[in-house]
Amino acid sequence: MEFRTRACLVASGLAIGLLCGCATSERPAQPPTRTGGSGGDSTVTEELDAPWSIAFHGSTALVSERDTARILEIGADGTRYEVGVVDDVEPSGEGGLLGIAVREGHLFAYYTTADGNRIERFDLTGQPGKLVLGSGTTILTGLPAAANHNGGRIAFGPDGMLYATVGDAGNRPTAQDRASLGGKILRMTPDGRAPADNPLPGSLVYSYGHRNPQGITWAPDGRMFASEFGQNTWDELNLIEPGGNYGWPEVEGIAGRAGFIDPVQQWKPAEASPSGMTTIDGFVYLANLRGERLRRIPLDDLAHSTELLVGEYGRLRDVAVAPDGSLWLLTNNTDGRGDPAAGDDRIVRLGLDN
């Protein structure tokens, strides 16, 4: 589950980067740097309602709202336009309209219905300022849904395939059951079929042993990363291998056990609860909910991180690279677990000065 407390965050570094080869103890590591925005931060738009995902259609930003099921277009001046409302969304707990992705004139959406989670492809027509969400085609149903652990992030990889993170929906054993879609990262064609080169023939399963993964991104060299909510001990950053087993529920965090792939970095949930992520200029950027910060992780040194905007905007749900090379962040303080400030929720633009 996700949790959040609006607490005072200490400015001194804690050893959170590298940890010993077990799930319950730590070893010293270089503390992260805590800082504000590297190239200046500013608000793009305000008063969003529990936003969950941001994707760019060319130069136009699109945002999903979890509980209203709206897809919004965000103008360059911060003006919001309703592109459409996704039918049959049943918001409950962490479920609702979750991740979105855009490709070749279509918008893909991961959302919760009365019968479980599904992925649907919609026609996206019109011009910026007048985009319209057209008819939809369901490409995948039967994804487990619950009040918690829905996963929900979708993104197209550099191979043109659609990837989706699926939580265990509170049913832990499914994460280790390769016949189940719960607790997995899935890989599929844009019409929902299993590619011939998937690690399990005829299956959408790309990796397994996940609890509640909510972020995926790729490095320029093709490496795939995923963020994951732990139970109470460790949240994770994982380097995803095809067919890899990431341990849940047998292990949480770095365990050093044969047969399971350890995370490349882990954090206490109070400092993390990692969700959306992206990659640019040699860094992974990772939005954190309960931890109320943006982490920057160098691709050439995955055990270390820098922390940005610590406590400045509250919960951060997603981060995406805008066409101008800045980062756009979604806050998530109106989802029932936050402490909304005036104007929440908002999109924050962060200029980069690496």
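Quick look at the overall build of the protein now. Of the regular secondary structure elements, the protein holds 0 helices and 25 strands. Each of the 354 residues in the protein was classed as buried or not, and the buried ones make up 58%. Once local pairs closer than 6 in sequence are excluded, the contacts in the protein between residues at least 24 apart make up 54%. Looking at the protein as shown, the accessible area adds up to about 13,000 Å², and 47% of this sits on carbon and sulfur atoms.

Attention now goes to the environment of Ile185. Note that Ile185 resides in strand β13 (residues 184-188). The exposure class of Ile185 is buried, given its relative accessible area of 0%. Distance from Ile185 to Pro242, taken between C-alpha atoms, is 9.7 Å for residues 57 residues apart in sequence. The residues contacting Ile185, other than those within four sequence positions of it, are Tyr163, Ala164, Thr165, Leu204, Val205, Tyr206, Ser207, His210, Ile216, Met224, Ala226 and Ile240.

Now for the sheet that holds strand β15 (residues 213-218). The 4 strands are arranged β15-β16-β17-β18 in an open sheet whose pairing can be described as antiparallel. Edge positions in the open sheet fall to β15 and β18 (265-267), since each of these has one partner strand only. In this sheet, adjacent strand axes meet at a mean angle of 20° when their direction is disregarded. One ladder, built from 5 bridges, connects β15 with strand β16 (residues 224-228); its direction is antiparallel. Directly across from Trp218, in β16, lies its bridge partner Met224.

So, how was this worked out
Residues numbered from 1 in each chain as written. Predicted model: local features only at pLDDT ≥ 70, side-chain atom pairs only at ≥ 80, totals over all residues. Heavy atoms only, no water. Helix = DSSP H or I, 4+ residues; strand = E, 2+ residues; numbered from the N terminus. Buried < 20%, exposed > 50% of the residue type's maximum accessible area, 1.4 Å probe, protein only. Contact = heavy atoms within 4.5 Å. Areas by Shrake-Rupley, 256 points an atom, 1.4 Å probe, with all protein chains shown as cover. Pairing = 2+ DSSP bridges. Axes fitted to C-alpha atoms, helices over the stretch in contact; angles between N-to-C directions.

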